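The chain contents come next:
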Amino acid sequence: MRCYKCDKELSVDDFCAGCGADVGLFKKIVRMSNAYYNMGLEKVRSRDLSGAAEYLHGSVRLYKKNTDARNLLGLVYFEMGDVVEALSEWVISKNIQPADNLADHYIDDIQNNPAHLEVINQTIKKYNLALNYAQQGNYDLALIQIKKVLTLNPKMIKGYQLLALLQLKHNEFEKAKKTLEKVLKIDSTNPVAIRYSREADLEIAKREERTSGKKKHKQEERTSLNGNDVIIPPSKYRDLNNGSVTIINVVIGILIGAAVVFFLVTPARTKSIRENYNALVLQYDQDMAKVTAEKEDLQKQLDALNGQVQEIQGQTSSNAQMQAAYDALLQAYNLYKSGDYVGGADKITAITSTDGMTEPFMAIYNEIHDTLLREAASSLASSGTAAVNSGDYATAIANLSKAVLYDATNASALYNLSKAYYSSGDLTNASTTANKVIELFPGSSWAGYAQNYVTK
Amino acid sequence: MLDFDEEIKKFHPSLEVEEAEDAIYKYNSKDMTEVMMEMLEEMKEIERQ
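Residues numbered from 1 in each chain as written. Chains lettered and ligands numbered in written order. Predicted model: local features only at pLDDT ≥ 70, side-chain atom pairs only at ≥ 80, totals over all residues. Heavy atoms only, no water.

Under the annotation held in an unreviewed UniProt entry, chain A carries the name Tetratricopeptide repeat-containing protein and is attributed to Parasporobacterium paucivorans DSM 15970.

Participant: Please provide a residue-by-residue account of the confidence of the model for chain B, values included.
Facilitator: All names here are of chain B. Summary statistics for chain B give a mean pLDDT of 80 and a share of 90% for residues scoring 70 or more. Here helix α2 (residues 17–25) stands out as the least confident element of chain B, with mean pLDDT 76; helix α1 (residues 4–9) is the most confident, with 87. As a predicted assembly, this complex carries a pTM of 0.51 together with an ipTM value of 0.81. (pLDDT = per-residue confidence, 0-100. Helix = DSSP H or I, 4+ residues; strand = E, 2+ residues; numbered from the N terminus.)

Participant: Describe in detail the pattern of salt bridges, supporting the description with residues and values.
Facilitator: Residue and element names in this part refer to chain A. According to the stated counting rule, one finds 18 salt bridges over all chains in the structure shown. A salt bridge links Asp 7 to Arg 2; its shortest N-O distance comes to 3.7 Å. The class for Arg 2 is partly exposed, based on a relative accessible area of 40%. Asp 346 is the partner of Lys 402 in a salt bridge, and the nearest nitrogen-oxygen pair spans 3.2 Å. One end of the pair, Lys 402, is in helix α14 (residues 393–406); the other, Asp 346, is in helix α12 (residues 341–349), with 56 residues separating them in the sequence. Overall, the relative accessible area of 28% leaves Asp 346 in the partly exposed class. (Salt bridge = Lys/Arg side-chain N within 4 Å of Asp/Glu carboxyl O. Buried < 20%, exposed > 50% of the residue type's maximum accessible area, 1.4 Å probe, protein only.)

Participant: Break down the interface of chain B and chain A for me, citing the residues and quoting the values.
Facilitator: Between chain B and chain A, the contact holds 27 residues from the first and 41 residues from the second. The junction of chain B with chain A conceals about 3,200 Å² of combined surface from both sides, 66% of it contributed by carbon and sulfur atoms. Counting every contact that joins chain B to chain A gives two salt bridges. Two residues, Arg 195 of chain A and Glu 7 of chain B, come together in a salt bridge whose shortest N-O distance is 2.6 Å. For the pair chain B and chain A, the interface holds seven residue pairs in polar contact (both at pLDDT 80 or more). (Contact = heavy atoms within 4.5 Å. Buried area = accessible area lost by both parts, 1.4 Å probe. Polar contact = N/O pair within 3.5 Å; in protein donor to acceptor, adjacent residues only side chain to side chain.)

Participant: Kindly report on a nonpolar patch on the surface, identifying the contributing residues and their values.
Facilitator: Residues and elements named next belong to chain A. Nonpolar side chains collect at one region of the surface, where Ile 248, Ile 252, Ile 256, Val 260, Val 261, Phe 262, Phe 263, Leu 264 and Val 265 lie side by side and expose about 870 Å² of accessible area between them. Within the secondary structure layout, Val 260 lies in helix α11 (residues 243–338). Here Val 260 falls in the partly exposed class, since its relative accessible area comes to 37%. (Patch = residues over 30% accessible without salt bridge, like charges linked within 9 Å, V, L, I, M, F, W, Y side chains within 5 Å. Areas by Shrake-Rupley, 256 points an atom, 1.4 Å probe, with all protein chains shown as cover.)

See the structure below:
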């Protein structure tokens with residue numbers, strides 16, 4: 001706080017240390033100004049702009065150099081849409097306190113945007129024009145203008161107030177209420193908005209009362225008859241406005257609704273479901289076809305692989321067979337050399353195939369094969385015959401069977417085989433073998449002898 | 001019911017930007033402190049006399 005005379009900083013004393021002026025009362029007034037400022041600030045925080053403007057105005061009236069109050073007052077005016085009033089306060093504030101003043105920032109904000117300033121100016125001009133129209137009774141023009149203003153400056157409280165007043169004039173009470181709600185959003189205790197809003201509520205209530213009152217009045221009205229009244233007989237038309245008819249109407253309505261659903265809604269729904277189903281089936285078929293194709297492809301691959309496996313197995317088997325054949329030939333050769341023709345014949349007959357064998361193999365094979373078989377057959381035939389004669393038919397059959405296997409031209413061995421079967425009681429094989437003798441060696445003595453063992 | 005004519009009289013035209021300068025210049029720069037101080041000075045003057 002500074003002295004009002006010499007502008008020196010004041011101390012706690014009630015006189016100025018610089019010029020000696022009595023500053024007791026001055027200090028009280030300044031404190032009161034600050035108190036008003038604080039109250040104004042509280043009002044601003046609770047969005048009571050009208051109340052805030054009063055307190056802040058009071059604050060600067062008490063002490064004009066309260067720049068805080070003046071700056072805040074400018075902000076309040078700005079928020080209420082009074083831009084020029086706001087600018088005025090800030091300019092005055094800046095004049096009082098040129099340095100370190102928030103008003104600089106506010107003024108720069110507006111002046112640095114000349115287009116916006118021009119828009120503000122236009123809205124003010126249009127507002128004044130609208131007010132002029134309203135005062136002259138051109139309410140429609142006033143309405144049009146004021147609506148334009150509020151589009152450009154949606155915070156202009158007095159613009160809303162004028163619009164609400166015009167709407168009330170036109171008995172548009174609901175619209176007026178909505179307009180006033182916008183004011184109260186900006187300034188929660190705006191006295192004009194509250195007053196107009198109460199008026200609108202009253203008028204709305206009155207209208208509702210009149211509307212409901214008219215209905216009651218119609219229902220309750222009864223006029224008494226006098227002698228001049230003409231009695232008109234009631235028409236035969238009966239007003240079917242009773243409960244049972246209502247129920248019947250409801251039932252008919254339900255039936256009609258059900259029919260609509262059944263004939264219109266359900267087919268469409270069914271069609272939709274069917275289409276979805278068909279699409280699913282088609283998709284399924286496509287998927288199945290794809291799966292089947294894949295399966296066939298896999299099967300082909302499997303078959304090919306199996307073929308390869310078999311080929312490999314065949315090759316393996318063939319290799320094993322070849323190895324076995326080589327072993328058998330070697331053994332047969334060794335037995336041939338040792339004179340065991342029967343043993344050698346057994347070995348060499350174990351070689352089932354000579355395909356793919358080498359030349360040396362085939363040379364040895366061919367050299368010993370026929371000899372082995374012939375000699376083995378002869379030996380076996382001898383031993384078999386001896387066994388028949390000695391009554392050892394089992395040995396005889398075994399040896400003679402081998403003998404005829406190795407040498408099918410040995411008639412004696414074949415005959416003795418049939419004899420051995422016959423003697424052992426096996427008449428069937430005896431007959432079969434005897435027929436073979438007759439067939440293979442017709443006209444021979446063996447054929448004659450074999451006749452004895454043919455079963456007729 | 002509101003009296004429209006009475007209500008409309010309460011509305012005043014807004015200051016336009018061009019008019020702001022005049023408004024600032026016409027601003028009554030005396031506040032309460034100045035008035036009080038003037039009154040005190042006058043009272044002291046009277047007492048001296």
